[in-house]
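A structural walkthrough
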Amino acid sequence: MGTEAPNSGKTVISKENKEQTAPPVKLDAGDLFVLKSRGSWLHCGYHLTTSIVAPALLSIPFAIGLLGWGGGIVCLSIAALVTFYSYNLLSLVLEDHARRGKRQLHFRAMASDILGPGWGKYFVGPLQLGICYGAVISCILIGGQSLKSIYLVARPNGSMQLSHFVVIFGGLKLIMAQMPSFHSLRHINLVSLLLCLAYCACTTAGSIYIGKSSNAPPKNYNVTEVGINRLFGTFNAISIIATTYGNGIIPEIQATMAAPIQGKMFKGLLVCYSVIITTFFSVGISGYWAFGNQVMATVLSNFTDQGKNLVPKWFLLITNVFVVVQVSAVSLTYLQPTNVVIERRFADPEKEEFSARNLIPRIIFRSLSIVIATTVAAMLPFFGDIMALLGALGFIPLDMIMPVVFYNVTFKPSKRSLIFWGNTIIAVVATVLSVVGSVASVRQIIIDAKNYRLFANV
């Protein structure tokens, strides 16, 4: 199987024969070992779905509650259209580079090649690494919270605390983090796709069951906030929805596909967005319909009321089990940019991938990255507020602004064309949303700060 040396313009048949088939190039161990180009468009669809359709979507009913029926559904629909469009633009730019013999395997390389080295080194690279590692921390926290939910359903008066479950989940991640490459996650991410469909079906069915039961809460669909609180609530909701659609690793996912890559990403996006439309809208509409403006930050929290389960115990258990298993796959997917950096810094591309020289540093530093993420998740159970800020600062620029800028700079459409002005409008509006969403997130952190406590059992 051939492996492309980054930015070489040539295909290296094997490490042993590279001097005979291509000019000498400095091999990048991160690209060589982690971003192996061996997958199909279907594998790409699995990776895309896992990176977007995650337990964060259980916050969509809450976001709709901040906007109301009309605003919520419109915002959810526009976000779907804009992100599908921007991800497709990004794939077209990547395909153009590959066609010209300069296939880019990660976001940083794209930004450096299109906008200049400074953009890749000082903006896009650190930004992507920050939000992806933040997503890993959030996934570990969500996994711990879901394990605690399972525990409390089985033992309502149990004494174990959230930090205990975060550490347990982190121990599972310590083992799974040793998966060698992004491509090796393809079967895990297929299972992840099926599991997200499963827990979204359970969440939708549970919401409808509660909404029609005698225990149904009174339904009030009025937006309760007024004045400045309503304004910030609106922008907070938009940030939640934008972050839920966030990806941030489109180039790395496309890098897993075997050449030629033309047209494959579009098929993968179709797979992904068929799942997105099915899950996002079913969970969002059913959750808000059942609980109205009383819907909580994650709709599964509404399935219990003052310690009383509103759905059968077995149903709540199996739903949380689906969430735990699926979020473990999500965390692995977002760990890949960190793995690329680790391999680039500590691995020797001239040695075999599983030689002692490369295997020992890989195990040590990947394990260290999980230990740090687990520690942060246990210490800061309010990390969701911080991740909302990272989402506004990171996902919106990477997923909505950069793709349209890259397209306009690469293909240079006429300034009189619809696509040029459409892309420009998207970039401007997304920039405004990023700034205002960041302010709203900081405000929410300040409001919640009085409740913050390290290792809190929430």
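See the structure printed just above.
Attention in this report is confined to the structure presented alongside it. Because the structure is a prediction, the values reported are computed rather than measured.

In terms of helices and strands, the protein carries 15 helices and four strands. Computed over C-alpha atoms, the radius of gyration of the protein comes to 22 Å, within 12% of the 23 Å expected from 2.2 N^0.38 for 458 residues, which places it in the range of a compact globule. Seen through its C-alpha atoms, the protein measures out along the principal axes to roughly 75 × 55 × 35 Å. Taken across its 458 residues, the protein has 55% of its residues classed as buried. A separation threshold of at least 6 residues defines the contact pool for the protein, and within that pool the share at least 24 residues apart is 81%.

So, about the environment of Gly 45. With respect to the helices and strands, Gly 45 occurs in helix α3 (residues 41–52). Linking Gly 45 and Gly 268, residues 223 residues apart in sequence, is a C-alpha distance of 3.9 Å.

This part is about α3. For α3, built from twelve residues, the straight-helix expectation of 16 Å at 1.5 Å per residue is met to within 8% by its first-to-last C-alpha distance of 17 Å. Extensive coverage of α3 is indicated by the burial of ten of its twelve residues. Among the residues making up α3, those that are buried are His 43, Cys 44, Gly 45, Tyr 46, His 47, Leu 48, Thr 49, Thr 50, Ser 51 and Ile 52. On its buried face, α3 sits against α4 (60–99), α8 (186–212), α9 (227–244), α10 (250–255), α11 (264–291) and α12 (313–346).

As a further point, take the packing of aromatic side chains. Per the counting criterion, the structure on display carries 14 aromatic pairs. Aromatic pair Trp 119 and Phe 123: ring centres 5.7 Å apart, planes at 85°, arrangement edge-to-face. Linking Trp 119 with Phe 123, this pair stays in helix α6 (residues 117–154), spanning four residues, or about one helical turn. Look at Trp 119 and you get partly exposed, because its relative accessible area is 42%. Classification of Phe 123 as partly exposed rests on a relative accessible area of 33%. Aromatic rings pair up to connect Trp 69, Tyr 221 and Tyr 288 into one cluster. In this structure, Lys 219 packs its charged tip against the face of Trp 289, placed 5.0 Å from the ring centre.

Here is what the cut-offs are and how they apply
Residues numbered from 1 in each chain as written. Predicted model: local features only at pLDDT ≥ 70, side-chain atom pairs only at ≥ 80, totals over all residues. Heavy atoms only, no water. Helix = DSSP H or I, 4+ residues; strand = E, 2+ residues; numbered from the N terminus. Rg over C-alpha atoms; globule rule 2.2 N^0.38 Å. Buried < 20%, exposed > 50% of the residue type's maximum accessible area, 1.4 Å probe, protein only. Contact = heavy atoms within 4.5 Å. Expected span 1.5 Å × (residues − 1). Phe/Tyr/Trp six-rings, centres within 6.5 Å; stacked < 30°, edge-to-face > 60°. Lys NZ or Arg CZ within 6 Å of the ring centre and 35° of its normal.

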